[in-house]
Amino acid sequence: MLITFKSKAATEVTMYKEHARRILELLEKDVERGIITPAELPHAIEKIEAAVADSKAHPISDEVSRDVNAHHNENGDDNEHEKPEHVTFATRVFPVLEMLHAANKMQREVMWGV
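What you are looking at is a predicted structure, and each value in this text was computed from that prediction instead of being measured. (Residues numbered from 1 in each chain as written. Predicted model: local features only at pLDDT ≥ 70, side-chain atom pairs only at ≥ 80, totals over all residues. Heavy atoms only, no water.)

## Thoughts on the environment of A9
Thinking step 1. In this structure, A9 sits in the loop between β1 (2-7) and β2 (10-16).
Thinking step 2. The exposure class assigned to A9 is buried, which follows from its relative accessible area of 16%.
Thinking step 3. Separated by 99 residues in the primary sequence, A9 and R108 have C-alpha atoms spaced 6.4 Å apart.
Thinking step 4. Not counting residues within four places of it along the chain, the set of residues in contact with A9 comprises A102, A103, M106 and R108. (Helix = DSSP H or I, 4+ residues; strand = E, 2+ residues; numbered from the N terminus. Buried < 20%, exposed > 50% of the residue type's maximum accessible area, 1.4 Å probe, protein only. Contact = heavy atoms within 4.5 Å.)

Written out as structure tokens, the structure reads:
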């Protein structure tokens, strides 16, 4: 399922619900439907930027890398799939964070599920 973030300050951002969940749980918001008011934006931006910094300080673990590589031979090819590339939290949240900054600058709300 997809979640689309909307604001009059920026273009829509659509992402998988499972990826949006981490962002919205950080902000203590409902995943199905909600709003971030202009008054909430500075705190929301602060929380997300702190989570991004934390995720950069703790890169993908050796255990996760081992699990990803377990399905590929020494040449990195299993003849069935391409080796998956890990997408960081910072990369996933970037468009939403940009929307929050734009909304904060213009004092507009950010909504989803409506």
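## Re helix α4 (residues 89-106)
Thinking step 1. End to end, α4 covers 26 Å across 18 residues, agreeing with the expected 26 Å (1.5 Å per residue, within 8%).
Thinking step 2. In α4, a bend of some 40° at P95 exceeds every other bend along the element.
Thinking step 3. By the burial criterion, the buried members of α4 are F89, A90, V93, V96, L97, M99, L100 and A103.
Thinking step 4. Downstream of α4 by a residue or two, Q107 has a phi angle that is positive, lying close to 55°. (Expected span 1.5 Å × (residues − 1). Bend = angle between axes of the 7 residues up to and from the residue.)

## Some details on the nonpolar core
Thinking step 1. In this structure, F5, I23, I36, I48, V96, L100 and V110 are the most contacted members of the largest nonpolar core, which totals 27 residues.
Thinking step 2. The set of elements that each furnish at least two residues to this core consists of β1, β2, α1 (17-26), α2 (41-57), α4 and β4 (110-112).
Thinking step 3. With residues up to four places along the chain from it excluded, the contact list for L100 reads I36, L41, I45, I48 and V110. (Core = buried A, V, L, I, M, F, W, Y, C linked by side-chain atoms within 4.5 Å.)

## Some details on the pairing of β1
Thinking step 1. Of the two faces of β1, only the one carrying I3, F5 and S7 is buried; L2, T4 and K6 on the other face are not.
Thinking step 2. Where β1 meets β2, 5 bridges bridge the pair, whose relative direction is antiparallel. Across the sheet, the residue bridging to T4 is T14, located in β2.
Thinking step 3. Linking β1 to β2, which pair antiparallel, is a turn of 2 residues.
Thinking step 4. Strand direction decides the pairing type here: β1 and β4, joined by 2 bridges, are antiparallel. By the bridge assignment for β4, F5 is matched with W112. (Pairing = 2+ DSSP bridges.)

## Quick word on the packing of aromatic side chains
Thinking step 1. Inspection of every chain in the model, using the stated rule, returns 1 aromatic pair.
Thinking step 2. Aromatic pair F5 and W112: ring centres 5.8 Å apart, planes at 50°, arrangement tilted. You can see F5 sitting in strand β1 and its partner W112 sitting in strand β4, a full 107 residues away along the chain. Neither residue differs from the other here; F5 and W112 are each classed as buried.
Thinking step 3. The ring of F89 has R22 lying over it, and the distance from NZ or CZ to the ring centre is 3.9 Å. (Phe/Tyr/Trp six-rings, centres within 6.5 Å; stacked < 30°, edge-to-face > 60°. Lys NZ or Arg CZ within 6 Å of the ring centre and 35° of its normal.)

## Overview of the sheet that holds β2
Thinking step 1. Here 4 strands make up an open sheet; going across it, the order is β2-β1-β4-β3 and the pairing antiparallel. Because the sheet does not close on itself, it has two edges, and the strands there are β2 and β3 (34-36). Recorded for the sheet is a direction-independent mean angle of 20° between the axes of neighbouring strands. (Axes fitted to C-alpha atoms, helices over the stretch in contact; angles between N-to-C directions.)

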